[in-house]
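Structural overview
In case you want the letters, here they are:
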Amino acid sequence: MPDPAEQLQQIYVAGFELKVFDRFPKCVGVVRDHCIALLVPGTDGLQMLGTPGWEMGEAIGVLVEAGGRWVFQAKQEILEATPERLEALRRFREDLQKLLSKG
């Protein structure tokens, strides 16, 4: 099993910011370019909890379709999912998955 501490170090060195949240004490937040994912220890090292989203203050904006358009939504706050934001999220997810699968 990969060592979570080593995985976090690799993630940090790759340019991701690490955050902790009072609301999610067993998770580590990983942020880059306003994209965010929560990581939890699993049987094969760290793994993503849910789907990465957009950092919106202390919340995670989830990508949803609303009124025929894609937006990031965190409670009542809504942010347009522009092509640039969607591309940043795609790169974030791919890069993070590669780092997590290295173990």
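Described in the following lines is the structure provided in the data block.

1. Focus: the pattern of salt bridges
- One pass over the full model with this rule turns up 6 salt bridges.
- One salt bridge connects Asp 95 with Arg 32, and the closest N-O pair in it is separated by 2.8 Å. Of the two residues, Asp 95 is situated in helix H2 (residues 83-102) and Arg 32 in strand E2 (residues 24-32); the sequence distance between them amounts to 63 residues.
- We classify Asp 95 as partly exposed; its relative accessible area is 27%.
- A relative accessible area of 15% places Arg 32 in the buried class.
- In this structure, Glu 87 and Arg 91 form a salt bridge, with 3.5 Å as the shortest nitrogen-oxygen distance. Taken together, the residues Glu 87 and Arg 91, both in helix H2 and 4 residues apart, mark about one turn of the helix.
- Given a relative accessible area of 30%, Glu 87 falls into the partly exposed group.
- Taken together, the shared-partner salt bridges connect Glu 87, Arg 90, Arg 91 and Glu 94 into one network.

Here is what the cut-offs are and how they apply
Each residue is numbered by its place in its chain's sequence as written, counting from 1. Residue-level local features of this predicted model are given only where pLDDT is at least 70; pairs of side-chain atoms are given and counted only at 80 or more, and the full residue set underlies all totals for whole chains, interfaces and linings. With hydrogens and water set aside, each side-chain value is computed from the structure's full complement of heavy atoms. Every case where a carboxyl oxygen of Asp or Glu lies within 4 Å of a side-chain nitrogen of Lys or Arg is listed as a salt bridge. Put simply, DSSP marks the helices as runs of H or I at least four residues long and the strands as runs of E at least two long, and each gets a number from the N terminus on. Burial classification: accessible surface area is computed with a 1.4 Å probe over protein chains only, and a residue below 20% of its type maximum counts as buried, one above 50% as exposed, and the rest as partly exposed.

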